[in-house]
Amino acid sequence: MDVAIIGCGYVGLVTGTCLAAIGHTVKGVEKDPRKLKSLQDGHCPIFEPGLQELLNENYASGQIQFTGNVKDAVRDAEVVFLCVGTPPKPDGTVDMSYLEGAGKEVCDALAELKSEYLVTIIVKSTVPAGTNRKLYNFLREQTKAYVQVVSNPEFLKEGTAVQDCLNPDRIVVGGESPEAFRMMRRLYDPLIKREENFLTMNWESAELTKYAANSMLAARISFMNEMTILCEHYGADIEDLRKGMGSDTRIGPAFLRAGCGYGGSCFPKDVAAMEHISKAAGYTNLFVDAIQTVNSNQKRRFAEKIVQKLGRPIEGATIAVWGLAFKADTDDIRESAAIDVIRYLLDKGAIVRAHDYKGMEHMKALFKDEVEWCGDPVTAAAGADAVAITTDWPQYTTLPFRKIAATMNTPLIFDGRNCLHRDVMRENGFQYYPMGRPPVENKLRLKQKV
Ligand code: UDX
């Protein structure tokens, strides 16, 4: 099929590249000249494991091409994906202007091209209930093109987006016509392993499914984060609870890892949007209010624990923060717990030295010279009074901890992601404070600062 992708940001680029990989002919439109140049040179402007390699293959074979011109892209297209941003406005409602602008531009181009075929416009962006219907009515009033609108929310996770896209748990399609569903079924055919994974519903149900799924996942994490308080109080281990609860098939093991709070471009935004969607429907959604409160409390609780257990005044103390990205395998720092933790420590007068494998440049833009930036975690820890881990990069688990303990001012680690091994901490003489797990309080006393 000929596919056009409007907006080659994270979602658009992953979707377009994967559709090219399963045999569609894809034209991606990118308006930002810098990003377009990078794509036309065959370079992926974002970091996502496996994406560059897949792009190389499909770009070289001509299966995917990039342009700045909507008309070029939609000339032969049977389906057009709208993958533009739907950022929150200051009042929390969603800014629809990019989506409407892109939709209108597509329709104007189709009208100008005198296209006689029905074109399916697919909304990938996360949008509140009612948006696809509004967009359809808007396009019908504003343009002469022959189009139908489909809602097709994406469920990609950063770091595994390519795999998620090529092996979807389910494909959700919201629409109003059997013709639209048939078109979508054909588009995704190679990815549909079982018929029941292709779910068709009306626009509003598809739109709400996305918000409900992300809110549910955020709720599961927040529930476990809240449980860390009880675990720490009563001496229980959240990891044992996770296994005990997760092995109940009605609960399942996924998204029950406790930590110092979730972040990213989706959970915080979508849970907040759910609050506004609820308000617009005339009620206060107590559940999503609680999720947000628990998450911000958990980030603060982690930072407060550092201050309480440090064994010296926080003012003037040096804290090495390991991990800046909102999770491992991404350079994305949006709503990362590290932002809140670093801000809290700086406000208390601490000296912060930070390290990350991918997210350092983005964080530098935020904190500039308020923070010392370190090229590796061992250097960041040398001379520090404590290490605080805010991202579970697997590389942190295999570091030379004996050497790190010897070079730190005090061998003290706060593990906000429960990613280190307690035995390794004990054997190397660390005081170790995970989240909701019994700490390792070594008999080897903290070295006294001289
Ligand atoms: C999420 C959804 O998973 C995805 O379906 C949607 O399309 C976009 O939002 P993403 O934001 O990429 O994906 O990352 P995800 O892996 O879901 O993690 C989000 C946050 O939750 C991270 O900060 C992560 O550290 C945290 N998390 C995740 C936990 O704290 N515990 C867990 O058990 C899982």
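Everything numeric in this text was worked out from a predicted model, so none of it was measured. (Residues numbered from 1 in each chain as written. Predicted model: local features only at pLDDT ≥ 70, side-chain atom pairs only at ≥ 80, totals over all residues. Heavy atoms only, no water.)

1. Considering the domain arrangement of the protein
Here comes step 1: Segmentation of the protein into domains returns domain 1 (2-201) and domain 2 (203-450).
Here comes step 2: In this structure, domain 1 and domain 2 have C-alpha centres spaced 34 Å apart.
Here comes step 3: Between domain 1 and domain 2, the residue contacts involve 32 residues of the former and 24 residues of the latter.
Here comes step 4: Between domain 1 and domain 2 lies a buried interface of about 2300 Å² when both sides are counted; carbon and sulfur atoms form 60% of it.
Here comes step 5: Contact with domain 2 buries surface across domain 1, with Phe 47, Thr 126 and Glu 158 losing the most and accounting together for 30% of the total.
Here comes step 6: For the pair domain 1 and domain 2, the interface holds 3 salt bridges.
Here comes step 7: Put simply, domain 1 and domain 2 have 9 residue pairs in polar contact (both at pLDDT 80 or more) between them.
Here comes step 8: If you list the elements that add at least two residues to the side of domain 1 that touches domain 2, you get helix 6 (131-142), strand 6 (147-151) and strand 7 (171-174). (Domains from an automatic or database assignment. Contact = heavy atoms within 4.5 Å. Buried area = accessible area lost by both parts, 1.4 Å probe. Salt bridge = Lys/Arg side-chain N within 4 Å of Asp/Glu carboxyl O. Polar contact = N/O pair within 3.5 Å; in protein donor to acceptor, adjacent residues only side chain to side chain. Helix = DSSP H or I, 4+ residues; strand = E, 2+ residues; numbered from the N terminus.)

2. Quick notes on empty space enclosed by the protein
Here comes step 1: This structure, assessed with the given rule, holds 2 cavities of 30 Å³ or more.
Here comes step 2: The volume enclosed by the largest cavity comes to roughly 40 Å³.
Here comes step 3: Forming the boundary of the largest cavity are Val 123, Ser 125, Thr 126, Val 127, Asn 132, Ser 151, Pro 153, Glu 207 and Lys 210.
Here comes step 4: Considered class by class, the residues forming the lining of the largest cavity number 3 nonpolar, 4 polar and 2 charged.
Here comes step 5: Roughly 30 Å³ of internal volume is contained in the second largest cavity.
Here comes step 6: Pro 168, Asp 169, Arg 170, Ile 171, Leu 191, Ile 192, Lys 193 and Asn 197 together form the lining of the second largest cavity.
Here comes step 7: The residue inventory of the lining of the second largest cavity, partitioned by class, reads 4 nonpolar, 1 polar and 3 charged. (1 Å grid on protein atoms, 1.4 Å probe; cavity = no way out; pocket = protein on both sides within 12 Å on 5 of 7 lines; lining within 4 Å. Points joined across faces, edges and corners; volume = space filled by probe spheres on them. Nonpolar A, V, L, I, M, F, W, Y, C, P; charged D, E, K, R; others polar.)

3. Quick notes on the packing of helix 6 against helix 9 (residues 203-234)
Here comes step 1: Packing of helix 6 against helix 9 leaves a shortest axis separation of 8 Å and a crossing angle of 135°. Our classification of the angle between helix 6 and helix 9 gives oblique. Contacts from Thr 131, Asn 132, Arg 133 and Tyr 136 in helix 6 reach Trp 203, Glu 204 and Glu 207 in helix 9.
Here comes step 2: Residue composition of the contact of helix 6 with helix 9, grouped by class: 2 nonpolar, 2 polar and 3 charged. (Axes fitted to C-alpha atoms, helices over the stretch in contact; angles between N-to-C directions. Parallel < 35°, antiparallel > 145°, perpendicular 65-115°, else oblique.)

4. Section: the nonpolar core
Here comes step 1: Residues Val 3, Phe 66, Val 79, Phe 81, Met 184, Leu 187 and Tyr 188 are the most contacted members of the largest nonpolar core, which totals 40 residues.
Here comes step 2: Residue contributions to this core peak at 7 residues, all from helix 1 (residues 10-21).
Here comes step 3: Look past the residues within four positions of Met 184 in its chain and what remains in contact with it is Ile 122, Val 150, Asn 152, Val 173 and Phe 198.
Here comes step 4: The next biggest cluster of nonpolar side chains, apart from the first, holds 29 residues, and it includes Ile 306, Met 360, Phe 367 and Tyr 433. (Core = buried A, V, L, I, M, F, W, Y, C linked by side-chain atoms within 4.5 Å. Buried < 20%, exposed > 50% of the residue type's maximum accessible area, 1.4 Å probe, protein only.)

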